[in-house]
Amino acid sequence: MRTEIKICGLSKREEIDAVMEAGGDLVGFVLFEKSPRNVSLGHAAALAGRTCGKLGVVPLTVNASDELVARIAEDLRPDLIQLHGSESVERVREIRSRWNLRVMKAIGVAGPKDLEAARAYAPFVERLLLDAKPPKDATRPGGNGAPFDWSLLDGFDPGVPWMLSGGLTPETVTEALSRTAASGIDVSSGVESAPGVKDLGRIRSFIGAVRDADRHGRPLAAAALARSLRVREPANPTTASGSRAA
Ligand SMILES: O=C(O)c1ccccc1NCC(=O)[C@H](O)[C@H](O)COP(=O)(O)O
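Numbers given for residues are sequential positions, taken from 1 along each chain in its written order. Where local features are concerned, this predicted model is filtered to residues with pLDDT of at least 70; where side-chain atom pairs are given and counted, the filter is 80 or more; whole-chain, interface and lining totals use all residues. Only hydrogens and water are set aside when side-chain values are computed; all heavy atoms of the structure are taken into account.

In the annotation of an unreviewed UniProt entry, the entry for the chain reads N-(5'-phosphoribosyl)anthranilate isomerase, and the organism field reads Faunimonas pinastri. UniProt positions are given in the numbering used here, feature names are shortened, and annotations may be inferred rather than shown by experiment. Regarding the chain, the UniProt comment filed under Sequence similarities (unreviewed entry) reads as follows: "Belongs to the TrpF family." Among the UniProt annotations of the chain, the heading Catalytic activity (unreviewed entry) holds the following wording: "N-(5-phospho-beta-D-ribosyl)anthranilate = 1-(2-carboxyphenylamino)-1-deoxy-D-ribulose 5-phosphate".

### Notes on the UniProt feature "domain: N-(5'phosphoribosyl) anthranilate isomerase (PRAI)" (unreviewed entry) in the chain
When the UniProt feature table is mapped onto this chain, "domain: N-(5'phosphoribosyl) anthranilate isomerase (PRAI)" (unreviewed entry) is found at residues 5-207. Secondary structure elements follow DSSP: runs of H or I of four or more residues count as helices, runs of E of two or more count as strands, with numbering from the N terminus. The span residues 5-207 shows a helical share of 32% and a strand share of 21%, and its end C-alpha atoms are spaced 7 Å apart.

### Here's the deal with the site of the ligand
Definition of nearness: a residue and a molecule or strand are near each other if at least one heavy atom of the residue lies within 4 Å of the molecule or strand. Taken together, 25 residues form the shell around the ligand, and within it Ser35, Asp131, Gly167, Asp186 and Ser189 come nearest. Asp131 has a polar side-chain atom sitting 2.5 Å from an oxygen atom of the ligand. In protein, a polar contact means a hydrogen-donor-capable atom and an acceptor-capable atom, both N or O and within 3.5 Å, with residues adjacent in sequence counting only if both atoms are side-chain atoms; elsewhere, any N or O pair within 3.5 Å suffices. Asp186 is positioned with one of its side-chain polar atoms (N or O) 2.7 Å from an oxygen atom of the ligand. For accessible areas, the Shrake-Rupley method is used with a probe of radius 1.4 Å. Any residue's cover is judged against the shown protein chains and nothing else. When the ligand sits alone it has 520 Å² of accessible area, and the protein chains cover 100% of it. Among the elements of the structure, β1 (4-8) and β8 (184-187) are those that each provide at least two residues to the shell around the ligand.

### Let's talk about the confidence of the model for the chain
Summary statistics for the chain give a mean pLDDT of 93 and a share of 93% for residues scoring 70 or more. Every residue in residues 239-246 is under pLDDT 50, and counting partners more than four places away or in other chains gives eight contacts. This prediction of the complex comes with two scores: 0.92 for pTM and 0.99 for ipTM. pLDDT runs from 0 to 100 and stands for how confident the predictor is about each residue. The contact definition used throughout considers only heavy atoms, calling two residues in contact when any of these lie within 4.5 Å.

### Some words on the sheet that holds β1
The strand order around the closed barrel built from eight strands is β1-β2-β3-β4-β5-β6-β7-β8, with neighbouring strands paired in parallel fashion. For this sheet the average axis-to-axis angle between neighbouring strands, irrespective of direction, equals 25°. In this description, strands pair whenever DSSP reports at least two bridges between them. For strand β3 (residues 56-61) and strand β4 (residues 81-83), the ladder comprises two bridges, and the chain directions are parallel. Pairing of Thr61 across the sheet is with Leu83, part of β4. Along the sheet face, helix α7 (residues 200-216) touches β1 and β8 and points at about 165° away from the line of β1. Angles shown run from 0 to 180 degrees and are taken between the N-to-C directions of axes, each axis being a line fitted to C-alpha atoms and, for helices, limited to the stretch in contact.

Structure representation (structure tokens):
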């Protein structure tokens, strides 16, 4: 299987090029002024143009206003919009339908109750992104370089593709992929040399580690994918000849 890779918090053309050349899938642009990765919508649109349609474009917002959502829909026409605030299920449904946007809803995870909350969004999104809850002194709801206990994800299957996120690095992503059934993986701090300063070598190493894991097989993820694709068995299975099975 191919794990979907999102590299988040990009702000330079050479970063887009590095993700494309290394075989990533999605690039994230932070539209949140308190973040060291914040970019303007206009700059995000220019960077999106650099992808030449070869990478999915994912603007990231926190409790965005209708005006910002409308401008994102109009100016970026994103592949996904990532909602990383306290957006309710109703708000998610509205953004998805009113502006015809594909949604990835981020959920901070610290315990089983957070996974229950994630399940409530599942029917109304294209993706879930499971991130660590922000530390108490955090100035932003994501991008904090904080991992969470992946064992919480044992058996987690929300019925919609989900990305694992939070404190991942080129050094830890292989273990994360072996221990979870995540269909995608997301990183920001772990491929930086300083907050907001992406390290192209670490981006390449991260993507390379994920592709190595794909090549070696990801049994948990493959089984989850098979379950999601399984066609319901006929009520009365019959043999090939058409007679009733024994
Ligand atoms: O990256 C940010 O600065 C950010 C700011 C506000 C809300 C969300 C933010 N990032 C969201 C992401 O998708 C990050 O990639 C995710 O939280 C993981 O970040 P990290 O733990 O640094 O890899």
